[in-house]
Amino acid sequence: GSGHLVLGCQFMRASSASSRMLRWFASTVAVISAQPPDGGPPDGGPPDGGPPDGGPPDGGQGGGTTTTLEEPHIVVNSHKQCIPPAGTAQTITGHIYCDNYFEFWFNGELVAKDPMTFTPHNAVQVSFEWDGISDKEFAIMCMDYASTSGYEYTETSSAQIGDGVLMAEFSDGTVTGSGWNTFVVTHGPTDESETAGCSATNLDACVVTTATEPTGWTGAGFEVDGAWATATEYTADEAGWGRTPSWDTTASCCGTSTSPMTQATLSLNGGCSVIYTADNPDGEAVTVKQSECLNPQSVLSETRSKMIWSSNLKKDNKVLFRLKVAADASSGIQCPVCDAVVRTTQRIRREMRTLTDEEWGKVTAAMWIMKTTSQADGVAAYGASFRTYDYFVVKHLVAMVDLRGDQAHFGPMFMPWHSAFILEFENALLSVDPEILAMPYWDTTLTEPSVFTDQYFGSAPGTGPNGEVIDGAFNDWPIESNFNLADYTNAAGEAISSPYTGSTTGMLRGADATRTETTVLRFGTSTYAYDPNDFWKCANLDAFYYDWYECVEQGTAGGVGVVSGSLHSGPHAQIGGKSGDDSGDFEDVTASPNDPIFFFHHADVDRNAYWWMHVNADKRASAYGYPTEEASGIGPYAGMTYYGQHLMDRMGDAWGFSAQDLGFSDSTDLQTNADILCKVSPTTAVYTYDTVVACLADGGAGGCQTTWGDEVATTTTTTAAATTSTAATDTAIATTSGSTTGAATTASTTGATATVSTTGAAAEATTQSSSTAETTTQ
């Protein structure tokens, strides 16, 4: 639980780790391309926070025709998150399961009622506010159904005494257990009535007793007395999980409901979202959301919380539960204080096809210099931020084959690590040519003009005799032969410790790679495109950090299907491709930065994360819910917990990122995941994106809080950039059909620094060859 656990099963040779990840990587593309499973969003629509109405703003935003973005609002963080500073107000979330019906109050306020009074046995998501100052007082009434005899199914030949149970978990760490207090309201049949003849065949002799509920027991400040007892813990084997609910998206139906009297399915609506009442024994319709129809075994765990009841599991039918938690009793890792300065100047990352020919030429020329210049010569010529191109290929590879577990993929650290990786690459690129201004990105939702041309990335598949890419701006891009790890050091000049020794043929490729071609290979397709609605579904997800990562990696969040493809993995597999058992370089999981596409693609994935942090700014104080301990990987690392995954862990510390590497300061201290979330947020990062600039320009910050996707017609075309930077009115940010129609957004390549006002006034975005784009906040 410390975040430093190393599992024995994770120690593997670099080659077996590579093949294991490659098999998962290839198979997951087919898996995640299926349509999301039944179980749509609980609330039926996107959260506030998306590009403005009226169409995609400059730079390639998108939204499908007459398509409404529908993604789940994840209100419960399935991972342990940090504890905000004392006195900080916060939203507490949780899951409650009661057999059969519950009502829940927090500090005297009614929060939730179970919509299903009998079956199925559902868990319910809850969310409520805590002021950060008061004690936390939880009050729950839980009731197992019982007739006036204490029996259920009394209109059958097999009446029986049921049992009740309560189980709950909350994001502040509060869980059900023996620390809770119980008060029994109804009990029966009594032992005395059973002695007098009460039985399943003689219900008239049965007696149920009822106690008066304590006055004010749900309120804040209530104190339990001797009439209350300590809760008793039970196991699932003793109490059971009951009838599992099954959500039907089309019918908004929580499985089928049955009668506690006849045990038959209620006849109204075929038992769909109906409850039994004495006045309506055939069923009474109720409104149920998916968030109220959850499988308790999927959202609760006996390793975290306990099933509780009074001391008599079967005969106590209605039980009150209370727990008081002192305001200062929260346990766990305290959230680090982010002291990063809010930036008033940010360089603007732009979609690559909106660059002029001259601007694009500067980018490719600088990358060729990085590829063909030694580290020592580069630092001498361009300064301390210079890195060779292959420095990044090796750094990525070393992170993936770390014996503790992949330090950069298949877990929450994916985005902090890659954000830092792209930032270090960008700094190196600008050290060679500051006139580039910022790292361009490739918007994979746009297909026209194609990037697989001689102007940009060249062909896919490669048109060389063995799949080599022999055209494009990076034609015949060399792959290092005779690889030797000793040739590489970190930025401080220190040797790198890693099990990686090169491919089977001694090249700088994955450990299992057998190809000997000395230039980049591609075996995939040039027709790849990612659905623009799916891009924004993940970007607008109202959820926690790991949920966002699962969305862009495998199309799910909180166990619910969100999108039908992988924003991250899809291009790797489909463009890099395979030839027999051999991978194209972009598909070679460990050494994928060998193909220059990598950096433009990952800048786009970073763009998605950047917007997600923008619309989830309310979670920033708790590091966006990033796991502090007991994280669990996905894919080939599913169920594994190890150092590197957690908030306060240093990222890939076998070859980490120092503050100096990333331009934060002169410090050589290695950065943690928390450092990146702090310093590379939308308000503190040295960079922003053209899409964010356009959104803020269109009506100010409020303009960014409108719903995206409602009946928006989209083309998949960017406006071609001018061929030189001398035109006075060249478009600096690409436009698409249905572009923003609010405050004016104009661009010029001959003006002063680019600025954008966040007050809703008109904004002008301009660039000059030697200046940083500026974001002015008023």
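Above this text sits the structure in question.
Let me begin by describing the structure that accompanies this report. Given the structure is predicted, the values throughout are model-derived calculations rather than measurements.

Regarding the nonpolar core
Part 1 of the argument: In this structure, Trp360, Met367, Met370, Trp442, Phe457, Phe599 and Phe600 are the most contacted members of the largest nonpolar core, which totals 115 residues.
Part 2 of the argument: Counting 38 residues, the second largest nonpolar core, distinct from the first, contains Ala112, Leu166, Ala236 and Leu323.

Here's the deal with the packing of helix α7 (residues 389–400) against helix α8 (residues 414–432)
Part 1 of the argument: Running from N to C, α7 and α8 point in directions that differ by 165 degrees, and their axes come no closer than 11 Å. Overall, the two elements α7 and α8 adopt an arrangement that is roughly antiparallel. In the packing of α7 onto α8, the handedness of the crossing is right-handed. Across the interface between the two elements, Tyr389, Tyr391, Phe392, Lys395, His396 and Ala399 of α7 pack against Trp417, His418, Phe421, Glu424, Phe425 and Ala428 of α8.
Part 2 of the argument: Tallied by class, residues from the contact of α7 with α8 come to eight nonpolar, two polar and two charged.

What about the pairing of strand β7 (residues 181–187)?
Part 1 of the argument: Bridge count for β7 against strand β9 (residues 229–230) is two bridges, and the pairing is antiparallel. Bridge pairing in β9 places asparagine 181 opposite threonine 230.
Part 2 of the argument: Relative to strand β16 (residues 316–325), β7 runs antiparallel, the two sharing six bridges. The residue bridging asparagine 181 from the neighbouring strand is arginine 322, located in β16.
Part 3 of the argument: Sheet analysis places β7 next to strand β8 (residues 209–210), joined by two bridges and oriented antiparallel. Counted as the bridge partner of threonine 186 is threonine 210 from β8.

So, helix α11 (residues 569–576)
Part 1 of the argument: The buried count for α11 comes to seven of eight residues, which makes it a mostly enclosed element.
Part 2 of the argument: Taken together, the buried positions of α11 are Ser569, Gly570, Pro571, His572, Ala573, Ile575 and Gly576.
Part 3 of the argument: Just past α11, the residue glycine 577 takes up positive phi, approximately 65 degrees.

As for unusual backbone geometry
Part 1 of the argument: Of note, the amide linkage connecting threonine 119 to proline 120 takes the cis form, showing an omega dihedral of -5 degrees.
Part 2 of the argument: Within the secondary structure, proline 120 is located in the loop between β3 (109–113) and β4 (123–130).
Part 3 of the argument: Phi angles above zero are rare outside glycine, and asparagine 269 is one such case at about 55 degrees.
Part 4 of the argument: The phi dihedral of phenylalanine 410 falls on the positive side, at around 60 degrees, and the residue is not glycine.
Part 5 of the argument: Summarising the element assignment, phenylalanine 410 is placed in the loop between α7 and α8.

Quick notes on the rules
- Residues numbered from 1 in each chain as written.
- Predicted model: local features only at pLDDT ≥ 70, side-chain atom pairs only at ≥ 80, totals over all residues.
- Heavy atoms only, no water.
- Core = buried A, V, L, I, M, F, W, Y, C linked by side-chain atoms within 4.5 Å.
- Buried < 20%, exposed > 50% of the residue type's maximum accessible area, 1.4 Å probe, protein only.
- Axes fitted to C-alpha atoms, helices over the stretch in contact; angles between N-to-C directions.
- Helix = DSSP H or I, 4+ residues; strand = E, 2+ residues; numbered from the N terminus.
- Parallel < 35°, antiparallel > 145°, perpendicular 65-115°, else oblique.
- Left-handed = near helix turned anticlockwise from the far one by under 90°.
- Contact = heavy atoms within 4.5 Å.
- Nonpolar A, V, L, I, M, F, W, Y, C, P; charged D, E, K, R; others polar.
- Pairing = 2+ DSSP bridges.

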